[in-house]
Amino acid sequence: MSPDDDRRTADSPAPEHAPGPNHRIVLLPGDGIGPEIVDASRPALSAAFPTWEFADAEIGWRCWCEGGDPVPAETWRALESADAALMAAITSKPAREADAELAAHLRGTGLTYRSPVLQLRSRLDLFANVRPVEDLLADSPRFRFTVVRENTEGLYSHDFSMRDADAPAADGPGAHPTGRPAAGIWDVVKRDPTVSRSTPADTAVALRVTTGFAWRRLLRTAAALTGRAAAPALRRVTVADKPNILRESGAIIRDAVDEVAGEFPGVEFEIANADAVAMRMVTAPESFDVIAAENLLGDMLSDLGAGLMGGLGLPSSGNIGADHAVFEPVHGSAPDIAGRGVANPAAFLLSAAMCAEHLAGAGDGGDAASAGGATGAGSAASDLAGAGGEGDAAGTGGEAGDLGERGRRLRRAVIAVLREHPTPDLGGDNTTAGFADEVAARLASSSI
């Protein structure tokens with residue numbers, strides 16, 4: 001593969017999907033430190049995965065400001081035809097800033113900014129966000145667990161302003177001139193103590209959508225990820241929620257837990273209050289194997305996990321669906337250090353290792369039914385979680401096994417450089433390019 005292939009754009013003709021380990025991977029540099037991390041990482045990615053075909057695609061804040069859509073149509077076409085995507089960093093801002101920074105000719109045209117990350121998760125049905133939490137910097141790791149977050153519903157799915165809730169009905173009782181359900185929601189909340197002292201224009205309501213369908217598939221994915229903890233015998237899914245307060249949605253989750261637990265007799269399931277889980281993550285992280293949570297709670301718990309690891313420059317993540325997958329570091333776009341060459345590329349490279357493990361699982365029957373009834377993303381996810389082990393090659397074979405081992409080699413190379421020559425966020429003096437080049441050099445040696 002020539003160097004030019006690494007920079008093929010998303011609107012270039014897509015190559016035929018070749019048999020064997022060849023995969024088409026879309027690179028989404030995004031915003032802030034994203035482009036410099038991707039550019040620095042290209043040699044390491046090519047060294048780790050010489051059969052991958054990389055295609056760059058645009059996404060992020062500049063796309064919104066210039067074109068009114070943070071995910072252009074050509075990017076969607078690239079994503080929907082790719083085997084997976086690697087995204088580096090995304091900037092998202094509140095509505096007021098989004099409107100102010102939109103190109104002048106697009107203002108007042110009815111465009112509404114929506115986070116590209118949420119768009120990807122919704123349109124590609126990337127229902128499981130998988131985030132390993134590992135003691136990467138320790139010679140004798142104390143903890144290794146995974147946070148599995150439901151991506152498609154929960155408190156992030158619907159957020160409504162009530163500003164038009166008292167507008168006259170358009171076509172009879174219950175109708176609303178904009179077609180939004182604000183009026184009906186207002187009728188439910190308007191007698192609440194604080195709402196009754198407010199106005200519709202000064203009120204917003206977020207809905208926590210909870211379905212048995214979403215939770216059953218999430219829990220199957222979580223169960224397939226068990227058995228990778230620091231304690232080898234631990235096989236447990238801890239559901240972090242607030243069932244004592246959110247009783248109705250909590251009951252839906254409990255019913256899903258009861259059903260899926262019957263499919264995985266070798267896995268222990270427990271439901272725990274999310275605040276207690278947060279405390280336990282700090283005081284006894286070694287007690288966890290897999291934590292499953294709805295969108296908002298999972299978001300907070302996984303960032304707490306990033307703190308346990310040593311910072312946002314370390315955690316990788318995968319957004320997994322039945323047909324698509326997008327891998328990304330947990331960190332944001334960090335505009336304060338963009339362009340300075342000091343951003344840590346470790347999480348991006350570790351996300352690429354997760355991507356390889358995922359594709360190896362899919363290529364080795366990961367989309368077939370696995371033990372206990374887990375299918376699709378669940379069984380493939382169990383392979384990508386294998387990145388948590390230094391030499392865990394069991395269960396893979398042939399070309400898929402080779403790809404899985406390439407992912408593990410990349411992971412070992414990244415960890416070695418993290419421990420020996422880290423970037424400034426971890427107290428070192430390495431640069432973005434220097435770190436990635438050292439990873440590439442280790443991959444070229446026989447010592448990894």
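Just so it is clear, the model here is predicted, and its values are computed rather than measured.

## Considerations on helix H8 (residues 212-224)
If you check H8, its first and last C-alpha atoms are 18 Å apart, about what 13 residues at 1.5 Å a residue would give, namely 18 Å. With ten of 13 residues buried, H8 lies mostly within the body of the structure. All buried positions along H8 are accounted for by Gly212, Ala214, Trp215, Arg217, Leu218, Leu219, Thr221, Ala222, Ala223 and Ala224.

## Focus on the pattern of salt bridges
Taken as a whole, this structure holds 25 salt bridges when the rule is applied. The salt bridge partner of Arg217 is Asp125, with a shortest N-O separation of 2.9 Å. Of the two residues, Arg217 sits in helix H8 while Asp125 sits in the loop between helix H6 (116-123) and strand S5 (128-134), which places them 92 residues apart along the sequence. Residue class for Arg217 comes out buried when judged on its relative accessible area of 16%. Asp125 sits in the partly exposed class, given a relative accessible area of 32%. Residues joined by salt bridges that share partners form a network here, namely Arg216, Arg220, Glu259 and Glu263.

## Examining empty space enclosed by the protein
Summed over the entire model, instances satisfying the criterion amount to three cavities of 30 Å³ or more. Considering only enclosed or pocket space, the largest cavity measures out at about 60 Å³ in volume. Surrounding the largest cavity, twelve residues form its lining, Glu134, Ser316, Leu350, Met354 and Arg411 being those nearest its centre. Contributing elements (two or more residues each) for the lining of the largest cavity: S5 and helix H12 (346-366). Here the lining of the largest cavity takes three residues from H12, the largest share from any one element.

## Regarding the pairing of strand S3 (residues 52-56)
Most of S3 sits inside the fold, with four of its five residues counted as buried. With five bridges connecting them, strand S2 (residues 23-30) and S3 associate as parallel partners. The partner of Ile25 across the bridge, within S3, is Phe54. The parallel pair S2 and S3, bridged by helix H2 (residues 34-48), forms a crossover whose chirality is right-handed.

## Brief notes about the nonpolar core
In terms of nonpolar packing, the biggest core is built from 80 residues, with Leu219 and Val439 touching the most fellow members. Top contributing element to this core by residue count: H12, with eleven residues. Once you skip the residues sitting within four places of it in the chain, Val439 turns out to touch Ala44, Leu349, Leu410, Ala413, Val414 and Val417. Counting 17 residues, the second-largest nonpolar core is a separate cluster that includes Val71, Leu79, Leu124 and Val326.

## Considering the pairing of S5
Among the seven residues of S5, seven are classified as buried, and the element is accordingly described as predominantly covered. Residues Ala128, Val130, Pro132 and Glu134 point to one face of S5 and Asn129, Arg131 and Val133 to the other, with burial holding for every one of them. Note: S5 against strand S12 (residues 316-320), three bridges, orientation antiparallel. Each residue of the ladder has a partner; that of Asn129, found in S12, is Asn319.

## Considering helix H9 (residues 247-263)
With 17 residues, H9 should cover 24 Å at 1.5 Å per step; its first-to-last C-alpha distance of 25 Å lies within 8% of that length. Buried within H9 we find Ser249, Gly250, Ile253, Ala256, Val257 and Val260. For H9, the angular spread of buried residues about the axis comes to 120 degrees, placing them on one side. Opposite the buried face of H9, at more than 90 degrees from it, the exposed residues are Arg247, Glu248, Asp258 and Gly262. Where H9 is buried, its residues touch strand S8 (204-209), H8, strand S9 (236-241) and strand S10 (268-273).

## Digging into the confidence of the model for the protein chain
Summary statistics for the protein chain give a mean pLDDT of 87 and a share of 83% for residues scoring 70 or more. Residue range residues 365-380 is modelled with pLDDT below 50. Its contacts to residues more than four positions away, or to other chains, number 31 contacts.

## Some remarks on the layout of surface pockets
The volume enclosed by the largest pocket comes to roughly 1500 Å³. The set of elements that each furnish at least two residues to the lining of the largest pocket consists of helix H5 (95-101), H6, strand S7 (154-161), helix H11 (295-309) and strand S13 (325-329). Tallied by class, the residues present in the lining of the largest pocket amount to 15 nonpolar, 13 polar and 13 charged.

Cut-offs and rules
- Residues numbered from 1 in each chain as written.
- Predicted model: local features only at pLDDT ≥ 70, side-chain atom pairs only at ≥ 80, totals over all residues.
- Heavy atoms only, no water.
- Helix = DSSP H or I, 4+ residues; strand = E, 2+ residues; numbered from the N terminus.
- Expected span 1.5 Å × (residues − 1).
- Buried < 20%, exposed > 50% of the residue type's maximum accessible area, 1.4 Å probe, protein only.
- Salt bridge = Lys/Arg side-chain N within 4 Å of Asp/Glu carboxyl O.
- 1 Å grid on protein atoms, 1.4 Å probe; cavity = no way out; pocket = protein on both sides within 12 Å on 5 of 7 lines; lining within 4 Å.
- Points joined across faces, edges and corners; volume = space filled by probe spheres on them.
- Pairing = 2+ DSSP bridges.
- Right-handed = clockwise from strand over helix to strand, strands pointing away.
- Core = buried A, V, L, I, M, F, W, Y, C linked by side-chain atoms within 4.5 Å.
- Contact = heavy atoms within 4.5 Å.
- Arc of directions from axis to C-beta.
- pLDDT = per-residue confidence, 0-100.
- Nonpolar A, V, L, I, M, F, W, Y, C, P; charged D, E, K, R; others polar.

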